[in-house]
Amino acid sequence: MRRIAPLAAVALAVVAVPVVIAQNAPQVPGAPDKARVAAGSYAADAGHTMVVWEVDHFGFSKYTGIFGDVTGTLVIDPANPAAAKVDVTIPVAKVTTASSGLTGHLLRAGKDGGKPDFFGAAPADAKFVSTSVVLDDDGDEATVTGNLNLNGVTKPVTLDVDFHGAGTNPYNKKATVGFQAEGKIRRSDFGIAYGIPAVSDEVELEIHAAFEKQ
């Protein structure tokens, strides 16, 4: 009996330790809980919002770049999410790739004053303004249609948007909501046709966006 009691105590301790650790573990501030979304006007968290683009290169591989420092606004009411409005600005001049040579080419002026191959040396910001939001039955996915102005051309674009999470940012105490979205455009629609078809006309977009309540 004397040996059984210590063994039982050890067994209880082993069981209790994971429970204590779980209770004391840090919690992630955001969660995919729509009840956490507060109605109001939000501003894009530029440091944590990006547009990732991907093209096919020569049929050998995919190549990816990023537009960061995205700014803009979101107006949302969880009681009427279909009425949400988003208006964001993407600084094309800050495009980033893994190749300094490619980044330079994207932002290179046209030869002898001619049309640049891609965006040019001083490209205007791109802008997306939503025109409609259609939610699925669960209310955590939506089809967002809007007008994209890129390279001086405006075309309608449709995005498939997933609600990622909401909560309070522990650093600035602001209510925050996050989404991820996917879409496709044809760059030739926006006057950027250099290298087609060796470099694909179709550009896949993957967007990660966080907005902070104002």
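All figures in this text were calculated on a predicted structure; none of them were measured in a lab. (Residues numbered from 1 in each chain as written. Predicted model: local features only at pLDDT ≥ 70, side-chain atom pairs only at ≥ 80, totals over all residues. Heavy atoms only, no water.)

(A) Quick look at the layout of surface pockets. When its volume is computed, the second largest pocket comes out at roughly 470 Å³. What lines the second largest pocket is a set of 24 residues, among which Gly30, His164, Thr176, Gly178 and Ala210 lie closest to the centre. Those elements giving two or more residues to the lining of the second largest pocket turn out to be β1 (30-31), β10 (153-168), β11 (175-186) and β12 (202-213). Of the residues contributing to the lining of the second largest pocket, the split by class is 11 nonpolar, 11 polar and two charged. (1 Å grid on protein atoms, 1.4 Å probe; cavity = no way out; pocket = protein on both sides within 12 Å on 5 of 7 lines; lining within 4 Å. Points joined across faces, edges and corners; volume = space filled by probe spheres on them. Helix = DSSP H or I, 4+ residues; strand = E, 2+ residues; numbered from the N terminus. Nonpolar A, V, L, I, M, F, W, Y, C, P; charged D, E, K, R; others polar.)

(B) Molecular detail of the packing of aromatic side chains. Across all of its chains, the model carries four aromatic pairs by this definition. For the pair Phe58 and Phe60, a centre-to-centre distance of 6.3 Å together with 55° between the ring planes defines the contact as tilted. On the basis of relative accessibility, which here comes to 70%, the residue Phe60 falls in the exposed class. (Phe/Tyr/Trp six-rings, centres within 6.5 Å; stacked < 30°, edge-to-face > 60°. Buried < 20%, exposed > 50% of the residue type's maximum accessible area, 1.4 Å probe, protein only.)

(C) Unusual backbone geometry, seen in detail. A cis geometry characterises the amide bond from Ile196 onward to Pro197, with omega recorded as 10°. Relative to the helices and strands, Pro197 resides in the loop between β11 and β12. Even without glycine at this site, Asn151 takes up a positive phi of about 60°. Asn151 sits in the partly exposed class, given a relative accessible area of 34%. Look at Lys173: it is not a glycine, yet its phi comes out positive at around 65°. Among the structural elements, Lys173 can be located in the loop between β10 and β11. Taking the relative accessible area as the measure of exposure, Lys173 reaches 63% and is therefore exposed.

(D) Fine view of the pairing of strand β8 (residues 126-135). Bridge count between strand β6 (residues 85-90) and β8: four bridges; the pairing is antiparallel. Opposite Val88, over in β8, you have Phe128 as the bridge partner. Bridge count between β8 and strand β9 (residues 141-150): eight bridges; the pairing is antiparallel. Paired with Leu135 across the two strands is Ala142, which belongs to β9. Taken together, β8 and the strand that follows it, β9, pair antiparallel across an intervening segment of five residues, in which Gly139 is found at a positive phi of about 80°. (Pairing = 2+ DSSP bridges.)

(E) Inspection of the pairing of strand β2 (residues 40-44) at higher detail. Pairing geometry for β2 and strand β5 (residues 71-76), over four bridges, is antiparallel. Note that in β5 the partner of Ser41 across the bridge is Val75. Of the strand pairs in this sheet, β2 and β12 are connected by three bridges, and their pairing is antiparallel. By the bridge assignment for β12, Tyr42 is matched with Lys213.

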